Amino acid sequence: MKILVINCGSSSLKYQLIDMDNESVIAKGLCERINIEGSKLTHKAEGKEDYVVESPMPDHSVAIQLVMDALLDKEHGVIASTDEISAIGHRVLHAGTIYSDSIVVNEDVKKVIRECFDLGPLHNPANLMGIEACEKVMPGKPNVAVFDTAFGMAMPEKAYMYAIPHEYFEKYSIRRYGFHGTSHMFVSGEAIKFGNLDPKNAKVIVCHLGNGSSISASIGGKCVDTSMGLTPLEGLIMGTRSGDVDPAVLQFVMNKEGKDINEMLNILNKKSGVLGMSGGVSSDFRDIAKAAEEGNHLAEVALDAFRYRVAKYIGAYAAAMNGVDAIAFTAGVGENDVNTRKAICAYLGYLGVEIDDEANNTRGKNQVISTADSKVKVMLIPTNEELAIARETLALV
Ligand code: ADP
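Because the structure is predicted, anything quoted here is derived from the model rather than measured.

## So, the overall build of the chain
Of the regular secondary structure elements, the chain holds 15 helices and 14 strands. Relative to the compact-globule value of 21 Å for 397 residues, the chain shows a C-alpha radius of gyration of 21 Å, a close match. With respect to the principal axes defined by its C-alpha atoms, the chain has extents near 60 × 55 × 45 Å. By residue count, 50% of the 397 residues in the chain fall in the buried class. Accessible area for the chain stands at about 18,300 Å²; split by element, carbon and sulfur atoms hold 50% of it.

Below is the structure:
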């Protein structure tokens, strides 16, 4: 059975066609600059040359049609007919408080995605466009919505309620939701399997460290806490996002610099994090590490602060769960940055964490990186959100 996975941004569309018989990627690609001049599709298929189509894409429907043309193309394609695609799985950012699981799309589901435009202003409209484009181009094919907020919906009230007047929760559903949910679900599940842990009771902390970073605590695969909040701004220090910050800082800077709240949030989302802390060196962790090595003090502080914040959250989550069986690192930094993993684990001696330097010198594959004596199993587990979406889709169709 073949499943098409779609991840729509406001001007982009990523896709993968996955053969669920062996969970292999048959083809994947990216449409860029949708509704902007210079639209381009790059299509990659196993064992074939990359195929680039430069053609106007005024909207997501045209992009989806071009993706279908590429998948069906005599020379570069991988299927003979759209009948070979059993279903389409969509990454959708926000389901508000309505859905805590993936769901087959119908009119009610689309209505909820639309009602959550406020909560996910950049993503939800694009996600809905992707769904509607697939409905138009492949009528009758089941579409499944896999929500980034679903994993966090299992959090108990004490973890998801903000200490602000309750009426804001009642009126506007203001609470902590958490993001990267598909990744946290996938990695915590893989960590349990790969680490041979008790599937019902294992206490697992997943550190998803990339440009966007978040951390989750789960017991038996069910989320008990996660670091992102109403929006992805809360929690860890990221490439360009500040993570946790005293809200009074906003008022102070706004008054001093004559900025409005939109400008201020733009600064916290796009100009802060290691980019801001380093005085503008870069949002890319490789550049930050290089600058730190070369003696740039601010870059060094940014990197230290990033690692320190992760270690603090691990401590908090170990306390929240009254223990931790496994810690899993994932995403761009978590999967590749040997030094960051080592530096974070150096804070965790009190938990009985012991890293095996040789095992830690690994990138991009499942690997236990703690010693046999370590009280906590520390692992490197590459995330695979597309496969997670395809599995969810398969389970529902
Ligand atoms: P996102 O999906 O949030 O955009 P990724 O998970 O792709 O981010 O992670 C991107 C980050 O991973 C970049 O900042 C990049 O520098 C970092 N990264 C990738 N490889 C390495 C490496 N070998 N060492 C340190 N950082 C790395």
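Continuing now.
## Quick word on the nonpolar core
Formed by 36 residues in total, the largest nonpolar core has its most connected members in Ile314 and Ile327. Contributions of two or more residues to this core are made by strand S9 (203-209), strand S10 (213-219), helix H10 (285-293), helix H11 (297-320), strand S12 (326-330), helix H13 (338-345) and strand S14 (377-380). Of all the elements, H11 adds the most residues to this core, at 10 residues. Once residues lying within four places of it in the same chain are set aside, the contact partners of Ile314 are Ile205, Cys207, Ile215, Ile327, Ile344, Leu348 and Leu351. In terms of nonpolar packing, the next biggest core, distinct from the first, is built from 28 residues, Tyr15, Ile26, Leu41 and Ile64 among them.

## Observations regarding the packing of aromatic side chains
Aromatic ring pairs are reported here in terms of the distance separating the ring centres and the angle at which the planes meet. Taken as a whole and judged by the stated rule, the model has 6 aromatic pairs. The interplanar angle of 15° and the centroid separation of 5.6 Å between the aromatic rings of Tyr99 and Phe147 together place this pair among those described as stacked. Of this pair, Tyr99 sits in the loop between strand S6 (85-92) and strand S7 (103-104) while Phe147 is found in strand S8 (residues 143-147), placing the two residues 48 residues apart along the sequence. Each member of the pair, Tyr99 as well as Phe147, is classed as buried. Here the aromatic rings of Tyr313 and Tyr317 are separated by 5.7 Å at their centres, their planes lie at 75°, and the arrangement is edge-to-face. Of this pair, Tyr313 and Tyr317 both sit in helix H11, 4 residues apart, which is roughly one turn of the helix. Just as Tyr313 is buried, Tyr317 falls in that class too. The residue whose ring lies beneath Arg175 is Tyr160, and the NZ or CZ to ring-centre distance is 3.7 Å. Over the face of the ring belonging to Tyr177 we find Arg175, whose NZ or CZ atom lies 4.9 Å from the ring centre.

## Brief notes about the pattern of salt bridges
One pass over the structure, following the stated rule, counts 17 salt bridges. A salt bridge links Glu23 to Arg391, with the nearest nitrogen and oxygen atoms 2.8 Å apart. Here Glu23, found in the loop between strand S2 (13-19) and strand S3 (24-32), pairs with Arg391, found in helix H15 (residues 385-396); they are 368 residues apart in sequence, far enough to count as distant. The partly exposed category is assigned to Arg391, whose relative accessible area is 26%. Taken together, the salt bridges that share partners define one network made up of Glu23, Glu190, Lys193 and Arg391.

## A few points about the site of the ligand
Taken together, Gly210, Asn211, Gly212, Asp284, Phe285, Arg286, Ala331, Gly332, Val333, Asn336 and Asp337 form the complete shell of residues around the ligand. Taking Gly212, its main chain carries an N or O atom lying 3.0 Å from an oxygen atom of the ligand. Contact between the ligand and Gly332: an oxygen atom at 2.8 Å from a main-chain N or O atom of the residue. Protein chains shield 68% of the accessible area of the ligand, which is 580 Å² for the free molecule. Broken down by secondary-structure element, the contributors of at least two residues to the shell around the ligand are H10 and helix H12 (331-336). Per element, the largest residue contribution to the shell around the ligand is 4 residues, and it comes from H12.

## Things to note about the side chain of Ser242
The residue Ser242 is located in the loop between strand S11 (222-226) and helix H7 (248-257) in this model. In contact with Ser242, other than residues within four places in its own chain, are Leu233, Leu236, Ile237, Leu268, Ser272, Gly273 and Arg309.

## Re the side chain of Arg307
Take Arg307: it is sitting in helix H11. This buried residue, Arg307, is left without a salt bridge; Asp337 holds the nearest opposite charge, at 4.4 Å. Excluding anything up to four places from it in sequence, Arg307 contacts Asp337, Asn339, Thr340, Ala343, Ile344 and Tyr347.

## Focus on a nonpolar patch on the surface
Among the surface-exposed residues, Met1, Val104, Leu394, Leu396 and Val397 lie close enough to one another that they form a single nonpolar patch of about 350 Å² accessible area. Among the secondary structure elements, Met1 is positioned in the segment before strand S1 (2-8). Judged by relative accessible area, which is 38%, Met1 ranks as partly exposed.

## Remarks on the packing of H10 against H11
For the pair H10 and H11, the least separation of the axes is 8 Å and the interaxial angle reads 125°. When the axis of H10 is compared with that of H11, the two are oblique. Once H10 is placed against H11, the crossing between them reads as left-handed. In this structure, H10 uses Phe285, Ile288, Ala289, Ala291 and Ala292 to contact H11, whose residues at the interface are Ala299, Glu300, Leu303 and Phe306. Per-class residue counts for the contact of H10 with H11 are 8 nonpolar, no polar and 1 charged.

## Comments concerning the sheet that holds S12
Sheet strands pair by backbone hydrogen bonding; their relative direction is either parallel or antiparallel. Spatial strand order, S11-S10-S9-S12-S14-S13: 6 strands in an open sheet with mixed pairing. Two strands close off the open sheet at either side, each with one partner strand: S11 and strand S13 (367-368). In this structure, S13 lies alongside S14, joined through 2 bridges in antiparallel fashion. Paired with Val368 across the bridge in S14 is Met379. On the sheet, helix H6 (residues 181-194) packs against S9, S10, S11, S12, S13 and S14 and is oriented at approximately 130° with respect to S9.

Calculation criteria
- Residues numbered from 1 in each chain as written.
- Predicted model: local features only at pLDDT ≥ 70, side-chain atom pairs only at ≥ 80, totals over all residues.
- Heavy atoms only, no water.
- Helix = DSSP H or I, 4+ residues; strand = E, 2+ residues; numbered from the N terminus.
- Rg over C-alpha atoms; globule rule 2.2 N^0.38 Å.
- Buried < 20%, exposed > 50% of the residue type's maximum accessible area, 1.4 Å probe, protein only.
- Areas by Shrake-Rupley, 256 points an atom, 1.4 Å probe, with all protein chains shown as cover.
- Core = buried A, V, L, I, M, F, W, Y, C linked by side-chain atoms within 4.5 Å.
- Contact = heavy atoms within 4.5 Å.
- Phe/Tyr/Trp six-rings, centres within 6.5 Å; stacked < 30°, edge-to-face > 60°.
- Lys NZ or Arg CZ within 6 Å of the ring centre and 35° of its normal.
- Salt bridge = Lys/Arg side-chain N within 4 Å of Asp/Glu carboxyl O.
- Near = heavy atom within 4 Å.
- Polar contact = N/O pair within 3.5 Å; in protein donor to acceptor, adjacent residues only side chain to side chain.
- Lys, Arg positive; Asp, Glu negative; His and termini not counted.
- Patch = residues over 30% accessible without salt bridge, like charges linked within 9 Å, V, L, I, M, F, W, Y side chains within 5 Å.
- Axes fitted to C-alpha atoms, helices over the stretch in contact; angles between N-to-C directions.
- Parallel < 35°, antiparallel > 145°, perpendicular 65-115°, else oblique.
- Left-handed = near helix turned anticlockwise from the far one by under 90°.
- Nonpolar A, V, L, I, M, F, W, Y, C, P; charged D, E, K, R; others polar.
- Pairing = 2+ DSSP bridges.

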